[in-house]
Structures are given as structure tokens and as C-alpha cells.
Amino acid sequence: MDYKELYEKALSVAKNAYAPYSNFHVGAALLLPDGTVQTGINIENRSFGATNCAERTALFSAIEKGYKTFTALAVATPDADYPVAPCGICRQVLTEFAPGDTPVIFGNTYESRVETTLAELYTFDSLHELAK
């Protein structure tokens, strides 16, 4: 699967996000090792600490299905004026389940996307440093 198709899957689910407080819809799509794609959306709560990001929703759903790693991530933020990267909590959680060279694509549109890696998003990752 190419990155555009993965991004389009993230974009297609973003409309289902539960975002009544921020009106900021996010969709995520994880490419799993067997080619399966697991999507997720952000789910807000009036207690913002109880809000769950799209990236973690996708990851937790994949883990529930027995997957323990992923090979790429796309994040779509169609309500933004610029590409919005995964938050710090998501960066830390994502690096628990994939190596640093895992591709990450994010953007408000595919044309304005950023293509990077988990290691570039979350530098000096102590988990991977300790494993060396």
C-alpha cells in the first residue's frame, strides 16, 4: 500500500471523529505487518484529559486484535491550516510498538503532508536507546 492510499484512509475516517469541543477532527491509519490497515479517530471528552487521540485509538484497536507492531502511520487533520504532527503522548506510545525508522505521514491535505519517521518525531527515545 502506498502512502497516499494510507493517508486517504485516515482522511476518510476523520469525519467520524467525536470532536464537539474543539471541532478538530483527526483520523489515523496504521499499516500493519500483514497489510491490514487499522484506523482510528480522536474521541473528545469534556474532561480533556480523558480525550483519546486518533493515533492511540488506532494503535489500541490494533493491539486488541493481536498486533504488537506496525509498519507505517498516516494522520489526517483536515480542519487544520497546516500539517499537524502527533502529540507528545502519542509519540511516546507509538514508539513503544514500532522501530524508529517507521514512516509517519501527516498533513491537513496529502499535498501539504510531511513525511518523516518515528525517530525524527521522538528524538532521544530512551526505550530504543536502552535496547542497544
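What you are looking at is a predicted structure, and each value in this text was computed from that prediction instead of being measured.

Caption draft 1: View of the sheet that holds strand 4 (residues 103–107). Here 5 strands make up an open sheet; going across it, the order is 2-1-3-4-5 and the pairing mixed. The open sheet has two free edges, formed respectively by strand 2 (37–41) and strand 5 (114–117), since each of these has just one partner strand. Pairwise comparison of adjacent strand axes, ignoring direction, gives a mean angle of 15° for this sheet. Pairing analysis gives 5 bridges linking strand 1 (residues 27–31) to strand 2, with the strands arranged antiparallel. Bridging across to strand 2, Ala28 finds its partner in Gly40. Against the sheet, helix 1 (residues 3–14) touches strand 1, strand 2, strand 3 (72–76), strand 4 and strand 5, its axis set at about 45° to strand 3.

Caption draft 2: Seen up close, the pattern of salt bridges. One pass over the structure, following the stated rule, counts 1 salt bridge. Note that Arg113 is salt-bridged to Glu115, the shortest N-O span being 2.7 Å.

Caption draft 3: Representation of the side chain of Thr77 within the structure. Looking at where Thr77 falls in the secondary structure, it is placed in the loop between strand 3 and helix 3 (88–95). The buried category is assigned to Thr77, whose relative accessible area is 1%.

Caption draft 4: Just the layout of surface pockets, in detail. Within this model, the largest pocket holds a volume of roughly 230 Å³. Taken together, 17 residues line the largest pocket, and the ones lying closest to its centre are Phe24, Val26, Asn42, Cys53 and Glu55. Across the lining of the largest pocket, the residue classes break down as 10 nonpolar, 5 polar and 2 charged.

Caption draft 5: Up close: the state of the cysteines. Applying the stated criterion to the full structure yields 0 disulfides. We note that Cys53 lacks a disulfide partner, and the nearest cysteine sulfur, in Cys90, lies 3.8 Å from it. Its relative accessible area of 19% is what places Cys53 among the buried residues. Take Cys90: its relative accessible area is 0%, and that puts it in the buried class.

Caption draft 6: Inspection of the environment of Pro99 at higher detail. Considering the arrangement of structural elements, one finds Pro99 in the loop between helix 3 and strand 4. Considered as a pair, Pro99 and Leu118 are 19 residues apart in the sequence and their alpha carbons are 7.3 Å apart.

Caption draft 7: Inspection of the pairing of strand 5 at higher detail. Pairing geometry for strand 4 and strand 5, over 4 bridges, is antiparallel. Paired with Pro103 across the strands is Thr117, a residue of strand 5. What sits between strand 4 and strand 5 in their antiparallel hairpin is a turn of 6 residues.

Caption draft 8: Broad picture of the nonpolar core. Grouped together as the largest cluster of nonpolar side chains are 19 residues, with contacts concentrated most on Leu30, Phe70, Leu73, Leu94, Val104 and Leu118. At the level of secondary structure, the elements contributing two or more residues to this core comprise strand 1, helix 2 (54–64), strand 3, helix 3, strand 4 and helix 4 (118–121). Looking at this core, the element that brings in the most residues is helix 2, giving 4 residues. Once residues within four sequence positions are removed from consideration, Leu118 is found in contact with Phe70, Leu94, Thr95, Ala98, Pro99, Gly100, Thr102 and Val104. Core analysis: the next-biggest nonpolar cluster, separate from the first, contains 10 residues, Ala29, Ala72, Ala76 and Ile105 among them.

Caption draft 9: Looking closely at the packing of aromatic side chains. Taken as a whole and assessed by the stated rule, the structure comprises 2 aromatic pairs. Considering the side-chain rings of Tyr7 and Tyr110, the 5.8 Å spacing of their centres and the 55° angle between planes classify their relative orientation as tilted. Of the two residues, Tyr7 sits in helix 1 while Tyr110 sits in the loop between strand 4 and strand 5, which places them 103 residues apart along the sequence. For the pair Tyr7 and Tyr110, one class covers both residues: buried.

Cut-offs applied
- Residues numbered from 1 in each chain as written.
- Predicted model: local features only at pLDDT ≥ 70, side-chain atom pairs only at ≥ 80, totals over all residues.
- Heavy atoms only, no water.
- Pairing = 2+ DSSP bridges.
- Helix = DSSP H or I, 4+ residues; strand = E, 2+ residues; numbered from the N terminus.
- Axes fitted to C-alpha atoms, helices over the stretch in contact; angles between N-to-C directions.
- Contact = heavy atoms within 4.5 Å.
- Salt bridge = Lys/Arg side-chain N within 4 Å of Asp/Glu carboxyl O.
- Buried < 20%, exposed > 50% of the residue type's maximum accessible area, 1.4 Å probe, protein only.
- 1 Å grid on protein atoms, 1.4 Å probe; cavity = no way out; pocket = protein on both sides within 12 Å on 5 of 7 lines; lining within 4 Å.
- Points joined across faces, edges and corners; volume = space filled by probe spheres on them.
- Nonpolar A, V, L, I, M, F, W, Y, C, P; charged D, E, K, R; others polar.
- Disulfide = S-S within 2.5 Å.
- Core = buried A, V, L, I, M, F, W, Y, C linked by side-chain atoms within 4.5 Å.
- Phe/Tyr/Trp six-rings, centres within 6.5 Å; stacked < 30°, edge-to-face > 60°.

Interpretation note: all reported values are geometric properties and have no functional meaning in isolation.
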